[in-house]
Amino acid sequence: MDRAKAAEVEGSIAAGADFLQLDVGEAPPGGRADWLAGRLRAAIADGRVPVGARLPASRVLAAELGVSRGVVTEAYQRLTEDGHVVGRGRAGTVVVATPAAVVTRAPEAPARVGVFADQPDTDVFDALRTAPAELDLTPGVPDLAAFPRAAWLRAERAVLHRLAPAAFGYGDPTGTPALRLAVATWLARNRGIRVDPAEVVIVAGVSQALGLLAQVLHGDGVHTVAVEDPGSLGVRQHLRNWRLDTPPVPVDAHGLRVDLLAASGAPAVMLTPAHQFPTGVVLDGDRRRRLLRWAQRGGLVIEDDYDAEHRYDRPPVPALRGMLPEQVCYAGSVSKLLAPALRIGWVLVPQRYHPALVAAKRMADLGNAALPQLVLAELMDSGALERHLRLLRRRHVRRRDAMIRAVRAHLPGAVVHGAAAGLHLLVTLDGDVDDVELAAAALRRGVKVQPLSWHGQRPQPPGLVLGYAANVASDIDRGLATVASALRDLP
């Protein structure tokens, strides 16, 4: 071995068969790249190859394993697409993120695991999130490994370089002017909403937006907000926490039943018109016109645009806020686009509610942290956020398609809903199945899913709400195979 090659081997973590004790004889015929990617992914997840470590050069590892270099480069490419590693030219291939899945298997338990034992309480999502499992197929989780760390760091350095000392003091409770302007521009370009930046209020995600709106509505004498059925359990819990009644309004293949909303007498409604949760249907043109007529007669619409940017096989759907701003409260965030941990969102309200909303935000927390707002504004203004969205769309399509294939292979009698957009699928099941029992059985086998029953106030057909954004294709297939096994074993 010449000196250059020896130095390259020495500079890597380790090379060849000694690296992770790799034995290519374990690989299935024709599946060497899958096998190698899986072994590397597992090593990154359990810390044997930590974040910041450099993988062996592809030609060195290929030579030591006795495989073609293409096998190694394909495995590295899959890890790159998953967001776990990046190629840095002469610096090699470097680990930048760990897989999101928890690797501790859930212990065997009685018929229903604790989180599924009773009617879901307000802490049920925390309980499910912290429950040990090998795979998490629950909805609402973006691809956390894809967080654009390098772009965020560049933006943060740019912001800090030009930031005046005064910017570290108390600021405007409605948010930094830079982010309010960037959000207004983003909404105009991507959601068809023309809004003055002064109307934008930056909040700690849609959940805080709902809490602030609830306080404002109570002050206006509104104590009932109708909700979609099925519809988000989490949204229902937030509204009820603020002492708002949440009567259900059915959803069908065309969206919310506006005729039944009008018949309910509810003064306000909360809905997800661009991609209904959990069914994935779009509020169609006729229903939109009926809803807007209902709002013009005095009804108030609360529009949750929770994942509208993630669309794949259909044209964009304009936000309702852009059509009737004085009767629509609009909430969005970057939780599904970047990461929930940022706790950054925005809310727009009719002018008559704006002063009360700002007062409620001021008393809640004096405003969000300024530095993350400024970094996000830099990402938006520079185009980095749109580039990130394009990357996510390509990746999500592959993972969505993998989940559809897995459902067809392992649950052939199931029906898939809502595939054209979003980060999750709704899968309805044939027969007399208790979907809560099925979710509990899947968790005992190490896979987290959510039962459709959680999200309905009226009886629903049995089904599962399955997230695909945070999992690679092989894990999605394995997870659905586990769910199918749990279904077969139900009494």
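About the thresholds
Here the residue index of a chain counts from 1 through its sequence in written order. Two thresholds apply to this predicted model, a pLDDT of at least 70 for residue-level local features and 80 or more for giving and counting side-chain atom pairs, whereas whole-chain, interface and lining totals are computed over all residues. The basis for every side-chain value is the complete set of non-hydrogen atoms in the structure, without hydrogens or water. Each helix is a run of DSSP H or I of at least 4 residues and each strand a run of E of at least 2, with the numbering of both proceeding from the N terminus. Note on method: radius of gyration uses C-alpha positions; expected globular size equals 2.2 Å times residues raised to 0.38. Three exposure classes are used, based on accessible area relative to the maximum for each residue type with a 1.4 Å probe and protein chains only: buried under 20%, partly exposed in between, and exposed over 50%. Surface accessibility in these figures is a Shrake-Rupley result with a 1.4 Å probe; residues are shielded only by whichever protein chains are displayed. His is not counted here, nor are the chain ends, while Lys and Arg score as positive and Asp and Glu score as negative. For the purpose of locating charges, the reference atoms are NZ of Lys, CZ of Arg, CG of Asp and CD of Glu. Strand pairing is assigned whenever DSSP identifies at least 2 bridges connecting the two strands. Any two residues whose heavy atoms approach within 4.5 Å are treated as being in contact. In this analysis an axis means a line fitted to C-alpha atoms, helices contributing only their contacting stretch, and an angle means the value between N-to-C directions, from 0 to 180 degrees. The pairing test for Phe, Tyr and Trp rings, Trp by its six-membered ring, is centres within 6.5 Å, and the orientation test on the planes gives stacked under 30 degrees, edge-to-face over 60, and tilted for anything in between. Just so you know how the angles are binned, under 35 degrees is roughly parallel, over 145 roughly antiparallel, 65 to 115 roughly perpendicular, and the rest oblique. Helix crossings get a hand from a simple test, with the near helix turned counterclockwise from the far one by less than a right angle marking a left-handed crossing and a clockwise turn marking a right-handed one. Polarity classes work like this: nonpolar for Ala, Val, Leu, Ile, Met, Phe, Trp, Tyr, Cys and Pro, charged for Asp, Glu, Lys and Arg, and polar for all others, with Gly in that last group. Only residues whose relative accessible area exceeds 30% and that take part in no salt bridge are eligible for patches, with like-charged residues grouped when within 9 Å of each other and nonpolar side chains (Val, Leu, Ile, Met, Phe, Trp, Tyr) grouped when within 5 Å. By definition, a salt bridge exists where a carboxyl oxygen of Asp or Glu is found within 4 Å of a side-chain nitrogen of Lys or Arg. By convention, orient the strands away from the viewer: a clockwise path from the first strand over the helix to the second makes the crossover right-handed.

A. Representation of the overall build of the protein within the structure. Assigned secondary structure in the protein consists of 16 helices and 16 strands. For 491 residues, the compact-globule estimate of 2.2 N^0.38 gives 23 Å, and the protein sits close to it at 24 Å. Each principal axis of the C-alpha distribution contributes one length, and for the protein these read about 80 × 65 × 35 Å. Looking at the protein as a whole, 54% of its 491 residues are labelled buried. Roughly 21,200 Å² of accessible area belongs to the protein as shown, and the carbon and sulfur atoms make up 53% of that amount. Of the side-chain charges in the protein, 57 are positive and 52 negative, and the distance between the mean point of each set is 5 Å.

B. Quick look at the sheet that holds strand 7 (residues 255-256). Read across the sheet, eight strands follow the order 4-11-10-9-8-5-6-7 without closing on themselves; strand pairing throughout is mixed. Each edge of the sheet is formed by a strand with only one pairing partner; in this case those strands are strand 4 (201-203) and strand 7. In this structure, strand 5 (residues 226-229) lies alongside strand 8 (residues 268-271), joined through two bridges in parallel fashion. Along strand 8, the bridge assignment pairs valine 227 with methionine 270. Strands in contact with helix 8 (residues 205-219) are strand 4, strand 8, strand 9 (300-304), strand 10 (328-333) and strand 11 (345-348); relative to strand 10, the strand with the most contacts, it is inclined by about 155°.

C. Representation of the sheet that holds strand 12 (residues 415-417) in the model. Strand order in the open sheet made by the four strands is 12-13-16-15, with antiparallel pairing throughout. Two strands lie at the open edges of the sheet, namely strand 12 and strand 15 (450-451), each paired on one side alone. Pairing geometry for strand 13 (residues 424-428) and strand 16 (residues 463-467), over five bridges, is antiparallel. Across the sheet, valine 427 pairs through a bridge with leucine 464, a residue of strand 16. Most of the contacts of helix 14 (residues 384-410) go to strand 13, to which it runs at about 15°, and overall it touches strand 12, strand 13 and strand 16.

D. Structural view of the packing of aromatic side chains. In the structure shown here, the tally under the stated rule is four aromatic pairs. Plain terms: the ring middles of phenylalanine 125 and tryptophan 454 are 5.9 Å apart, the flat faces sit at 90° to each other, and that makes the pair edge-to-face. One end of the pair, phenylalanine 125, is in helix 5 (residues 124-130); the other, tryptophan 454, is in the loop between strand 15 and strand 16, with 329 residues separating them in the sequence. Owing to a relative accessible area of 27%, phenylalanine 125 belongs among the partly exposed residues under this scheme.

E. Fine view of the packing of helix 6 (residues 149-162) against helix 13 (residues 370-382). Packing of helix 6 against helix 13 brings their axes to within 9 Å, and their N-to-C directions diverge by 115°. One element, helix 6, and the other, helix 13, form an angle in the roughly perpendicular class. Every pair of crossing elements has a handedness; the one defined by helix 6 and helix 13 is right-handed. Together, Ala151, Trp152, Ala155, Glu156, Ala158, Val159, Leu160 and Arg162 of helix 6 and Leu371, Pro372, Leu374, Val375, Leu376, Glu378 and Leu379 of helix 13 make up the contact between the two elements. Here the contact of helix 6 with helix 13 is built from residues that sort into 12 nonpolar, no polar and three charged.

F. Seen up close, a positive patch on the surface. There is a patch of like positive charges on the surface, built from Arg154, Arg157, Arg387, Arg390 and Arg394. When residues of the positive patch are traced back to their parent elements, those giving at least two are helix 6 and helix 14. Topologically, arginine 387 is positioned in helix 14.

G. How the structure looks around the pairing of strand 8. Here strand 8 shows no split at all, with Ala268 and Met270 on one side and Val269 and Leu271 on the other all buried. Of the pairings in the sheet, the one linking strand 8 to strand 9 comprises four bridges and is parallel in character. From the neighbouring strand, leucine 271 faces strand 9, where its bridge partner is glutamate 303. Regarding topology, helix 11 (residues 285-296) serves as the crossover connection from strand 8 to the parallel strand 9, and that connection is right-handed.

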